[in-house]
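What follows is each chain in one-letter form.
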Amino acid sequence: RRTAAFAGASGIVKSIDQTAQTGTTVNVDLGNGYEAVYGQLKDVRVKEGAYVGQGQIVGNLNEPTKYYSVEGCNLYFQMQDLLTYMLNHNHYILH
């Protein structure tokens, strides 16, 4: 059984990473300092640097990592404001 994950907004695929917490993870630059993060994926259908349109299939849901095993199969989704992210992770902008 396959369950697709769809892009919530249009943007450019910034990276496709493999992490212990969220498994295969796609990061989409939405512009204006915002980024959408889609994790717990398999069969990723987008490529780094490519445009992804709102509603386009990003990939299919994968089995959960050990960090989300209680919840079962699910999409990890996060919206990031990159300025807030940088400040919270001690990345400061110098003028």
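Residue numbers here run from 1 along each chain, matching the order of that chain's written sequence. Whole-chain, interface and lining totals are the exception, using all residues; otherwise, since this is a predicted model, local features are given only for residues with pLDDT of at least 70 and side-chain atom pairs are given and counted only at 80 or more. The side-chain numbers reported here are obtained from all heavy atoms of the structure, hydrogens and water having been left aside.

## A look at the overall build of the chain
Step number 1: Under the DSSP-based scheme used, a helix requires at least four consecutive residues in state H or I and a strand at least two consecutive residues in state E, with every element numbered from the N terminus. Summing up its helical and strand segments, the chain has one helix and seven strands in all.
Step number 2: Across the 95 residues in the chain, those meeting the buried criterion constitute 33%.
Step number 3: Counting only contacts in the chain whose residues sit at least 6 apart along the sequence, the fraction spanning at least 24 positions is 52%.
Step number 4: Just so you have it, the chain exposes about 6100 Å², and 52% of that area is on carbon and sulfur atoms. Burial here depends on accessible area, computed with a 1.4 Å probe over protein chains only, as a share of the maximum for the residue type. Under 20% is buried, over 50% is exposed, and the range in between is partly exposed. It only takes one pair of heavy atoms within 4.5 Å for two residues to be counted as in contact. Computed with the Shrake-Rupley method and a 1.4 Å probe, the accessible areas treat only the protein chains shown as cover for residues.

## Concerning the side chain of T65
Step number 1: On the secondary structure map, T65 appears in the loop between β6 (57–61) and β7 (76–81).
Step number 2: Every residue in contact with T65, bar those within four places of it in the chain, is listed here: A20, Q21, T22, G23 and Q40.

## Focus: the packing of aromatic side chains
Step number 1: The pairing test for Phe, Tyr and Trp rings, Trp by its six-membered ring, is centres within 6.5 Å, and the orientation test on the planes gives stacked under 30 degrees, edge-to-face over 60, and tilted for anything in between. Across all of its chains, the model carries two aromatic pairs by this definition.
Step number 2: Between Y38 and F77, the ring centres sit 5.2 Å apart and the planes meet at 55 degrees, which makes this aromatic pair tilted. Here Y38, found in strand β4 (residues 34–42), pairs with F77, found in strand β7; they are 39 residues apart in sequence, far enough to count as distant.
Step number 3: Judged by its relative accessible area of 2%, Y38 falls in the buried class.

## Concerning the confidence of the model for the chain
Step number 1: Along the chain, pLDDT gives the predictor's confidence residue by residue, from 0 to 100. With 84% of its residues at a pLDDT of 70 or more, the chain shows a mean pLDDT of 88.
Step number 2: Here helix α1 (residues 82–88) stands out as the element of the chain with the lowest mean pLDDT, 64, in contrast to strand β5 (residues 51–52), whose mean of 98 is the highest.

## Remarks on unusual backbone geometry
Step number 1: Positive phi is not limited to glycine here, since N32 has a value of about 55 degrees.
Step number 2: By relative accessible area, which is 78% here, N32 ends up exposed.
Step number 3: One non-glycine residue, Q40, lies in positive phi territory at about 65 degrees.

## Looking at the side chain of N60
Step number 1: With respect to the helices and strands, the residue N60 is situated in strand β6.
Step number 2: One polar contact links N60 to D43, side chain to side chain, over a distance of 3.4 Å.
Step number 3: Setting aside its immediate chain neighbours within four residues, N60 contacts R2, T3, A4, A5, Q40, L41, K42, D43 and R45. Counted as a polar contact is a pair of N or O atoms within 3.5 Å, where, for protein atoms, one must be capable of donating a hydrogen and the other of accepting one, and residues adjacent in sequence contribute only when both atoms are in side chains.

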